[in-house]
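Observations on chain architecture
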Amino acid sequence: MNTIMRKSVLGIAGLAFAGGIVGGPVAAHAAPIVDAKPVAVVQTDKKPGVDTAKLMPNGTHGAQSRITLDDEQKTNAKAIIAATKKSDMNERAAVISIATSLQESKLHNLGDLGDANDHDSLGLFQQRPTSGWGTPEQITDPQYSTTAFLKGLKQVDGWQDMPLTDAAQTVQVSAYPDAYAQWEQQAADLVGQYWNS
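Residues numbered from 1 in each chain as written. Predicted model: local features only at pLDDT ≥ 70, side-chain atom pairs only at ≥ 80, totals over all residues. Heavy atoms only, no water.

1. Considering the overall build of the chain
Along the backbone of the chain there are eight helices and zero strands. The order of helices and strands in the chain, counted from the N terminus, is α-α-α-α-α-α-α-α. Per-residue burial for the chain yields a buried fraction of 39% across its 197 residues. Surface exposure of the chain reaches about 11000 Å², of which carbon and sulfur atoms provide 56%. (Helix = DSSP H or I, 4+ residues; strand = E, 2+ residues; numbered from the N terminus. Buried < 20%, exposed > 50% of the residue type's maximum accessible area, 1.4 Å probe, protein only. Areas by Shrake-Rupley, 256 points an atom, 1.4 Å probe, with all protein chains shown as cover.)

Written as structure tokens, this is what we have:
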């Protein structure tokens, strides 16, 4: 082992030992944790000013999914954030909106898919004209569809403090109510990255 590597390993070991001495007694006397919720670290290239505590106040629930986004999907995520800001709603609303769109369309602004369509569902949020979300032209406009989703979210009492999947499901009324939870981390990462860009 060369000298530089040996010093690095010993330095890391020393930090771990010192951290154990300093952190050990505090942890030993800490109050017991009751009803702990999982906490996730938002890994972003965020700009200053994004309050990461607002992004995921309850941590994530369940296993998380992640997809690689193309330019169209990134543009749609940015459009959702812009519409959220225009609606005077906060970062948490953007996280819920993006997670919902990730579940519903993988952030693709879907038109009529013919036989593959789920009834008459369209757009980023798979909203249905026959359910009163708007015309097909409106629903496939990212700003309109996001604003429509947010209008529904505003009507949910306590949406800011409830688990993401519950808030999204209350608006969307999906056949798969728990599916939104899996996208919370990626949605929070996107909001952290693009909120102030």
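2. Quick word on unusual backbone geometry
Despite not being glycine, Asp-88 has its phi angle at roughly 55°, a positive value. Mapped onto the elements of the fold, Asp-88 is located in the loop between helix H3 (71-86) and helix H4 (91-105). According to the relative accessible area criterion, Asp-88 is exposed, its value standing at 73%. Positive phi, normally seen in glycine, also occurs at Lys-106, with a value near 55°.

3. Re the packing of aromatic side chains
In total, this model carries one aromatic pair according to the counting rule given. Sitting over the face of the ring of Trp-195, Lys-85 holds its NZ or CZ atom 4.9 Å from the ring centroid. (Phe/Tyr/Trp six-rings, centres within 6.5 Å; stacked < 30°, edge-to-face > 60°. Lys NZ or Arg CZ within 6 Å of the ring centre and 35° of its normal.)

4. Observations concerning the nonpolar core
Of all hydrophobic cores here, the largest spans 40 residues; its most connected members are Ile-96, Ile-98, Leu-107, Leu-153, Trp-159 and Val-191. Elements with a minimum of two residues in this core: H3, H4, helix H6 (142-154), helix H7 (164-172) and helix H8 (184-194). The biggest single contributor to this core is H4, with seven residues. Excluding residues within four positions of it along the chain, Leu-107 makes contact with Leu-69, Gln-73, Asn-76, Ala-77, Ile-80, Ile-98, Ser-101, Leu-102, Leu-124 and Leu-190. (Core = buried A, V, L, I, M, F, W, Y, C linked by side-chain atoms within 4.5 Å. Contact = heavy atoms within 4.5 Å.)

5. Here we look at H3
Counting along an α-helix, one turn takes 3.6 residues, and residues three or four places apart therefore face a common direction. Compared with an ideal rise of 1.5 Å per residue, which puts 16 residues at 22 Å, H3 spans 22 Å between its outermost C-alpha atoms and is within 8% of the ideal. Among the residues of H3, Gln-73, Asn-76, Ala-77, Ile-80, Ile-81, Ala-83 and Thr-84 are the ones counted as buried. Seen from one end, H3 has its buried residues packed into an arc of 165°, which puts them on one side. In H3, those exposed residues whose orientation departs by more than 90 degrees from the buried face are Asp-71 and Lys-86. Its buried side turned inward, H3 meets H4, H6 and H8. (Expected span 1.5 Å × (residues − 1). Arc of directions from axis to C-beta.)

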